[in-house]
Structures are given as structure tokens and as C-alpha cells.
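Architecture at a glance
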2 protein chains.
Amino acid sequence: MTKILKLLSLFLLALIFSCCENNIINDNPKWAIVIHGGAGTILKKNMSPEAEKAYKEKLSDALNAGCNILEDGGTSLDAVTAAINVMEDSPLFNAGKGAVFTAEGKNEMDASIMDGSNLMAGAVAGVSTVKNPILAARAVMEKSPHVMLAGEGADEFAKSHGLEIVDSSYFFTQRRWESYKRANKNKYGTVGAVALDKDGNLAAATSTGGMTNKMKGRIGDSPIIGAGTYADNKGCAVSATGHGEYFMRNVVAYDINALMKYSGVSLKEAANYVIMKKLKDQGGDGGIIAVDRAGNFVMTFNTTGMYRAYKNSAGFSEILIYKSDN
Amino acid sequence: MTKILKLLSLFLLALIFSCCENNIINDNPKWAIVIHGGAGTILKKNMSPEAEKAYKEKLSDALNAGCNILEDGGTSLDAVTAAINVMEDSPLFNAGKGAVFTAEGKNEMDASIMDGSNLMAGAVAGVSTVKNPILAARAVMEKSPHVMLAGEGADEFAKSHGLEIVDSSYFFTQRRWESYKRANKNKYGTVGAVALDKDGNLAAATSTGGMTNKMKGRIGDSPIIGAGTYADNKGCAVSATGHGEYFMRNVVAYDINALMKYSGVSLKEAANYVIMKKLKDQGGDGGIIAVDRAGNFVMTFNTTGMYRAYKNSAGFSEILIYKSDN
């Protein structure tokens, strides 16, 4: 009887431990990838089963695009680029095809990428002709002496480096979007990806169309290294989504990294403090995904939902939308 | 004899302490302001006495513009704005009048400002017609829902809020610059200011013309909240100058603030670690000025010079240029 009680209490302890460590895998997977497709007021009651299915399928496509690279021993940089590419090409998300319009009825897109192994980073802001802004951000990182290019200069740079240029009409497909618009009055859908590769290197990337009806020239947190995107092998890789201005004032992506490095707290504690306490107290809606070098990862948001998914070499994988999915 | 030795050793200790605490005043002044006019390869042997005098006079003008406000009980936000305005209006510095040219022969200026009492911030990037970019940054903070506006959108916003718009020819005055050009082959001169006011509030501001011959659309660290500028009453106010790309990748201004808050080190230790160790190891040239709520301040740079000056209510004031001035 005592033995049974002992076994039972051990089982209960294990259960409690696994609940507390939700979203944190501690067996050092060889690789891991986490993606998001935006956080906001995303409620199951407002979502049609068709829309939910479409979002989950596209998140799965993006996740697999990244996983295939990581499984083959590719870099985290290539994995996040591939995952973002898939989401940029889908009209479901507010990035690339499907980006929202400015108050002037134009698309102005932002993107950034960072390599945690050497702190190299690239970003574009306000681009309007390059098909995949994340490829332009990566070209800035790899083929220019700069970190950030904006506006015409960024579009011209992308073109001069052979990236695919499209007519601005490409970014919006009325027919494909109409069916989802009724279900989602507000268009969320900044997309992001963070990854750890087999070499132990971290990378992060983010791409967005910005805020609906934003002022001409407005730059949000997505292309800002430190606010919307950060990757540092000594800490973690982070991609953010939400009300950009709050993420900029609080330097959210870097703040989580700094808390880990300077306070010695875990990734989960750092993310919880920044998103659920600091930002929430200020009224800053949104969330982040992040992964550290041990493969611990978080998907932390203070809204009712965040399109999100993860997969790692330990065999764990989930595709989630609502807060209640946690 | 023993008594004399004791007194002597006490005196030596005090001397050592005061040397170690160079640039740090610990008697909690009511207000303090620190300004910079750029860091770089600034050597006395290459500087004419006339140029040196001109720089010192203009730094003094900028310092006094800020001091007058702080002495009268004005805000740190008004003080840093006033100091930056004076330097933007001078062709000596690479900000406003006197801004450098892009590879296309155009002026594209960046500026940012932050209020440490509430983390509100404003920035403009790539403006080319507003006479004082720092006023445009402040208008973004106070009169828009956004933190950052770039390009035409930013210029149009500044105009719509009644800021002075000038022809692009205003920013370069050949005649006034020519006499200094010979002495300074490379044009440094991003300008910045940080201040503590009598209410205990911190503010920071930075303004620049960017890098000489920079690519069209290049955005550096100056308009990036967290990289070139940050202010937080809980930590410090920072303005940076140097090779912007390194400052962006390392989120320098926020990093100093984060180190103070999360590691509990002093402002001086945080600034030394970031500028003299992290940046130096990476080859990132430049420096920062910073002040905390106790009135401690630093002017830390890893180059041969930084135009810099400080003044506080305790009566301390200096105007310095070279490293050897320390």
C-alpha cells in the first residue's frame, strides 16, 4: 500500500512538473523551430471552421518548410527564411501577399532577420515592390554594409540583387481574402519564425504589412532589430507581433534576451515578465515566440489568440490558435 | 608619525577614489545635462585652433540652451530639444544644416527623442525638408499614435504640424564648411543630448545626417529607439554616436539601461562594458553620453575623440574634444 502511495505521489509530482513546464522542453533537442502568424483578438466564436482549417494548413506548410531544412542539417537562418517565405506568399497573413493598406491605400511592408551566431542583421522598411520582403532583409544583411534600408532605396537595392519584383497589385487578392474578412474584422498576421539548428545557432525573422490604415511612412517594430526581432546565441532568438509602438518603446525582443543574460532567469520567466507584466501594465497588446540554445521555447501572448506552431527534433509538434488551446 | 602616515593613506585613498569615479558626480545634483557632437578619429594635430574654438563655442551654446531651461525648472525633454536644435542649426555638425550627402548627393536625416518618465518616444528617418529633424521626432511622439515615421511621410507629417520646411540646399553651406573640411577629412558629428530635470525625469535625443556616401534609404542607429537613443527613469538616458550598424546589432542605448536595471551595476560600469568591451571587441567605433536619476553621468567612447560637454546644478562643467582631455 505504501509502495502504491509512493508511486502515486511520484506520478503526481511528474504530472505537476510537466504542467508547470508547459511549452518548455528540457531534453536539449538537436533542432527546434517556432513560428507565429500574428496575435490579437482571435476568438473561436468568430472563426469559421474553413478559416481555421486554412490557417492551420498554412502554418503547417510554413513549419515544415523550416523543419525540412533543420532536419537536413541546414542553418537556422535558412529555416526561418523558408518559413517566413511560405507565410508571406499566403494572403491569410498580413505580410507579403495579403499585406494591409496604409491610409493612402498603398502597401508598405517591413521585415527583418538576425543571425544569433554573429549578431549580423538586416532589415527593410516601407518596401512596396519586392515580392518577399524577408529576402530583401536578408540581402541587406548579407550584401550591404548596412543593417536597415527603407523606402525606394530598399526596393531598388532588392531589385539590383535580383530579387523578384512585382506590381503592387500582387499584394492584395480581393477574391481570396473576402471569405476570411467577414470572420476577422481586424487583420492580424505579422509573421515570424525563430529556430535553433543542429550546430547550435539561433536565428529570428519577422515580416509584416504593418497596421491597417497606418500613416504614410510609419515604421513599426517588425523591422527594428531589438524591438520586433533579435537573435543572440548567448541568450535567445525572438520574433514579436502586436501593437508595434509598445514593442518599440520597450525594446521587447532584446529585453527578453537581456533579462536572460543579465538576470539569469529562464526564457519562460523573461518572456512572461515582459509580455504578461510590463507590456500588459502599459496596455501593449501582443506576443512573442522565442527559442534558446538548449531548445527551450515559448509562445507567450497577452491577447485572446496567436497563430502559432512549433516542432523540434524530440518529436514535439503543435499548431495552435486560441488562448484556450494552451 | 603614525598619524601622519594614516592621514596620508586616507588622502591617497580619496585621490584614487576620485580618479576612479572620473565623470561621476555623486552628490545628487538637481539637474544635469550632457551633450555630444559626434565621436571618431578626432586628433589635436589635425585640428586648427580656429576649428577647435568654433566647436567649443558651439558646444557651449548648445549646453547653455539646455541649462537655461533646466535651471528655470523646465523639463529634460525641452532641454535636450533645445540643445539639439542649436547643434542642428550649426554647419559644424552632421545634423540639420551641415548634414552629409548620400551616395546620390542628397541629404537624408534621422532623429529621435525619448521621455524617460513614460517611455514615450518619437523618431523620423530619411527626412530631407524639415529644418530641424529633432522637432519632427518630437512631433511624432506628441502628435501621432506612432513612434517612427520615415521618408516623405515623415516630411509631410512635419509640414502638416507647422514645422519649418526648407529647400534641400539649406542643409549644406559650402563656404562655411570649406574652412573646416581640410582639417577633418571624415565628417563626424551626429549630435545628442541627455538630461535630468529638477523633477527627476530623464530624457534623451539624437540627430544625424548619417554616414557620408551612405546608400539611399539607409537608416542608422540614431532614429532607432534602443540603439541610438533611450531614456528610462528606472535606469538612465543615453544618446549614441558612431558606426551605427554596430550600435543597432548590439542595441547599445537600451543595453546600458538593461545592464543597470538587471545586473545592478553602475552607469559607469555598464557604459564601460558595452562601449569599451563589447563594441570594441567587434570593431564598433563610437561612444555614448548618459545620465541617471542620481545625476551620475558618463561620456564614454572608444575612439580618439568625441565632441562633448556637461554641466550640472552642482556647478561642474567642462567642454572636451580629445581622448587626452579625460
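Residues numbered from 1 in each chain as written. Chains lettered and ligands numbered in written order. Predicted model: local features only at pLDDT ≥ 70, side-chain atom pairs only at ≥ 80, totals over all residues. Heavy atoms only, no water.

**Comments concerning the overall build of chain A**
We count it as follows: Numbering of helices and strands runs from the N terminus, with a helix taken as a DSSP run of H or I at least four residues long and a strand as a DSSP run of E at least two residues long. The buried label applies to any residue whose accessible area, calculated with a 1.4 Å probe on protein chains only, is under 20% of its type's maximum; exposed applies above 50%, and partly exposed to all values in between. Between two residues, a contact is recorded if the distance between any of their heavy atoms is within 4.5 Å. All accessibility values rest on the Shrake-Rupley procedure with a 1.4 Å probe; residue burial counts only the protein chains present in the view.
Looking only at helices and strands, chain A has nine helices and 13 strands in total. Residues classed as buried in chain A amount to 60% of the 326 residues present. Taking contacts inside chain A between residues at least 6 apart in sequence as the whole, the part at least 24 apart equals 70%. In the form shown here, chain A has an accessible surface area of approximately 12400 Å², with 53% of it arising from carbon and sulfur atoms.

**Points about the sheet that holds strand E1 (residues 32–40) of chain A**
Short version of the rule: Any two strands between which DSSP finds at least two bridges are classified as paired.
The mixed open sheet is built from nine strands, whose spatial order is E13(A)-E12(A)-E1(A)-E5(A)-E6(A)-E2(A)-E3(A)-E4(A)-E7(B). Looking at strand neighbours, the two that pair on one side only are strand E13 (317–322) of chain A together with strand E7 (218–219) of chain B, the edges of this open sheet. Bridge analysis of E1 of chain A against strand E5 (residues 191–196) of chain A gives five bridges, and the strand direction is antiparallel. Among the inter-strand pairings, Ile35 of chain A is bridged to a residue of E5 of chain A, identified as Ala193 of chain A.

**Looking at the sheet that holds strand E1 (residues 32–40) of chain B**
Applicable threshold: Orientation is described by lines fitted to C-alpha atoms, with helices fitted over the stretch in contact, and by angles between N-to-C directions that extend from 0 to 180 degrees.
A sheet is described by the order of its strands in space; here nine strands give the open sequence E7(A)-E4(B)-E3(B)-E2(B)-E6(B)-E5(B)-E1(B)-E12(B)-E13(B), paired in mixed fashion. If you trace the sheet from one side to the other, it starts and ends with strand E7 (218–219) of chain A together with strand E13 (317–322) of chain B, each paired once. Helix H3 (residues 76–88) of chain B contacts E1, strand E2 (109–115), strand E5 (191–196) and strand E6 (202–208) of chain B of the sheet and is inclined by roughly 155 degrees relative to E5 of chain B.

**Quick word on the relation of the copies chain B and chain A**
Where we set the bar: Least squares is used to superpose the copies, and the fit set is the C-alpha atoms of residues whose pLDDT is at least 70 in both copies.
Superposing chain B onto chain A requires a rotation of 180 degrees together with a translation of 0.0 Å along the rotation axis, leaving an RMSD of 0.0 Å. Both copies of the chain, as the preceding transformation shows, are related through a two-fold rotation axis. A share of 100% of the interface residues of chain B reappears at the interface of chain A, consistent with the copies meeting face to face through the same patch.

**What to know about the packing of aromatic side chains**
Residue and element names in this part refer to chain A. To be explicit about the condition: In this scheme Phe, Tyr and Trp rings, the latter by its six-membered ring, pair at centre separations within 6.5 Å, and the angle between planes marks the pair as stacked below 30 degrees, edge-to-face above 60, and tilted otherwise.
All told, the structure shown has 13 aromatic pairs over all chains when counted by the stated rule. Ring geometry for Tyr55 against Tyr307: centres 4.2 Å apart, planes inclined by 20 degrees, an arrangement best described as stacked. You can see Tyr55 sitting in helix H2 (residues 49–71) and its partner Tyr307 sitting in strand E12 (residues 305–312), a full 252 residues away along the chain. Judged on exposure class, the residue Tyr55 and its partner Tyr307 are both buried.

**Some points on the interface of chain B and chain A**
What counts is decided by this rule: Criterion for a salt bridge: a side-chain nitrogen of Lys or Arg within 4 Å of a carboxyl oxygen of Asp or Glu. Residues adjacent in sequence count toward polar contacts only when both atoms are side-chain atoms; beyond that, a polar contact is any pair of N or O atoms within 3.5 Å, and within protein one must be able to donate a hydrogen and the other to accept it.
Taken together, the contact pairs 40 residues of chain B with 40 residues of chain A. Our enumeration of links across chain B and chain A arrives at four salt bridges. At the surface where chain B touches chain A, the tally comes to 20 residue pairs in polar contact (both at pLDDT 80 or more). Within the residue set of the side of chain B that touches chain A, elements represented by two or more residues are strand E3 (120–127), strand E4 (148–150), helix H5 (151–160), E7, helix H7 (244–249), helix H8 (252–263) and helix H9 (267–282) of chain B. Broken down by element, the residue count for the side of chain B that touches chain A peaks at seven residues, all from H8 of chain B.

**Regarding the pattern of salt bridges**
All names here are of chain B. Taken as a whole, this structure holds 24 salt bridges over all chains when the rule is applied. Asp255 is the salt-bridge partner of Lys278, the closest N and O atoms lying 2.7 Å from each other. Within this pair, whereas Lys278 is found in helix H9, its partner Asp255 is found in helix H8, the two being separated by 23 residues in sequence. Across the pair, Asp255 and Lys278 agree in class, each one buried.

**Considering the pairing of E1 of chain A**
The side chains of a regular strand alternate, residue by residue, between the two faces of the sheet. Residue and element names in this part refer to chain A. The element E1 is extensively covered by neighbouring structure, given that nine of its nine residues are classed as buried. The pairing of E1 with E12 spans seven bridges and is antiparallel. Bridged to Ala32 within E12 is Asn312.

**Focus on the side chain of Arg218 of chain A**
Its place among the elements puts Arg218 of chain A in strand E7. The exposure class assigned to Arg218 of chain A is buried, which follows from its relative accessible area of 5%. If we skip the residues at most four places from it in the chain, Arg218 of chain A touches Glu108, Asp110, Gly210, Met211, Gly244 and Glu245 of chain A together with His146, Met148 and Leu149 of chain B.

**Details of the confidence of the model for chain A**
Residues and elements named next belong to chain A. Applicable threshold: Per residue, pLDDT measures the predictor's confidence, with a range of 0 to 100.
A residue-level look at chain A finds 85% of positions with pLDDT of 70 or above and a mean pLDDT of 88. Below a pLDDT of 50 lies the segment residues 12–26, which in the model reaches 17 contacts outside its immediate sequence neighbourhood of four places, other chains included. Here the predicted complex scores 0.89 on pTM and 0.88 on ipTM.

**Overview of unusual backbone geometry**
All names here are of chain B. Despite not being glycine, Leu119 has its phi angle at roughly 60 degrees, a positive value. The class for Leu119 is buried, based on a relative accessible area of 12%. Even without a glycine there, the phi angle at Val251 is positive, about 45 degrees. With respect to the helices and strands, the residue Val251 is situated in the loop between H7 and H8.

**Describing helix H9 (residues 267–282) of chain A**
Short version of the rule: In this scheme, a helix's expected span is set at 1.5 Å multiplied by one less than its residue total. A residue's bend is given by the angle between axes fitted to the 7 residues ending at it and the 7 residues starting at it.
Between its first and last C-alpha atoms H9 of chain A spans 21 Å; for 16 residues at 1.5 Å apiece the expected length is 22 Å, and the two agree. By the largest-angle criterion, Val274 of chain A marks the main kink of H9 of chain A, which is about 25 degrees. Along H9 of chain A, the residues that are buried comprise Leu267, Ala270, Ala271, Val274, Ile275, Lys278 and Leu279 of chain A. Those residues of H9 of chain A that are buried are in contact with strand E9 (236–242), helix H7 (244–249), helix H8 (252–263), strand E10 (286–292) and strand E11 (297–301) of chain A together with H8 of chain B. After H9 of chain A finishes, the residue Gly283 of chain A shows a positive phi value of roughly 85 degrees.

**Focus: the nonpolar core**
For clarity, the cut-off: Residue types Ala, Val, Leu, Ile, Met, Phe, Trp, Tyr and Cys, when buried and joined through side-chain atoms within 4.5 Å, form a set referred to as a nonpolar core.
Grouped together as the largest cluster of nonpolar side chains are 108 residues, with contacts concentrated most on Met148, Ile256 and Ile288 of chain A together with Met148, Ile256 and Ile288 of chain B. Not counting residues up to four positions away in its chain, the partners in contact with Ile256 of chain A are Cys236, Val238, Leu267, Ala270, Ala271, Val274 and Ile288 of chain A.

**Topic: the side chain of Glu88 of chain A**
All names here are of chain A. Rules: Charge counting treats Lys and Arg as positive and Asp and Glu as negative, with His and both chain ends excluded.
Within the secondary structure, Glu88 sits in helix H3 (residues 76–88). Of the side chains with opposite charge, Lys131 comes closest to the buried, unpaired Glu88, at an N-O distance of 8.6 Å. Here the side chain of Glu88 touches Asn132 through a polar contact of 2.8 Å, side chain to side chain. The contacts of Glu88, once residues within four sequence positions are left out, are Ala95, Gly96, Lys97, Asn132, Pro133, Ile134 and Ser207.

**Brief notes about the pairing of strand E10 (residues 286–292) of chain B**
Residue and element names in this part refer to chain B. The element E10 is extensively covered by neighbouring structure, given that seven of its seven residues are classed as buried. On E10, burial covers both faces: Gly286, Ile288, Ala290 and Asp292 on one face and Gly287, Ile289 and Val291 on the other are all buried. In the sheet, strand E9 (residues 236–242) pairs with E10 via seven bridges, with the strands oriented antiparallel. Residue pairing across strands places Cys236 opposite Asp292, the latter belonging to E10. Looking at chain direction, E10 and strand E11 (residues 297–301) are connected through five bridges and run antiparallel. Each bridged residue has a counterpart across the sheet, and for Ile289 the counterpart in E11 is Met299. Hairpin connection, E10 to E11: the antiparallel pair is bridged by four residues, and Gly295 has positive phi, about 90 degrees.

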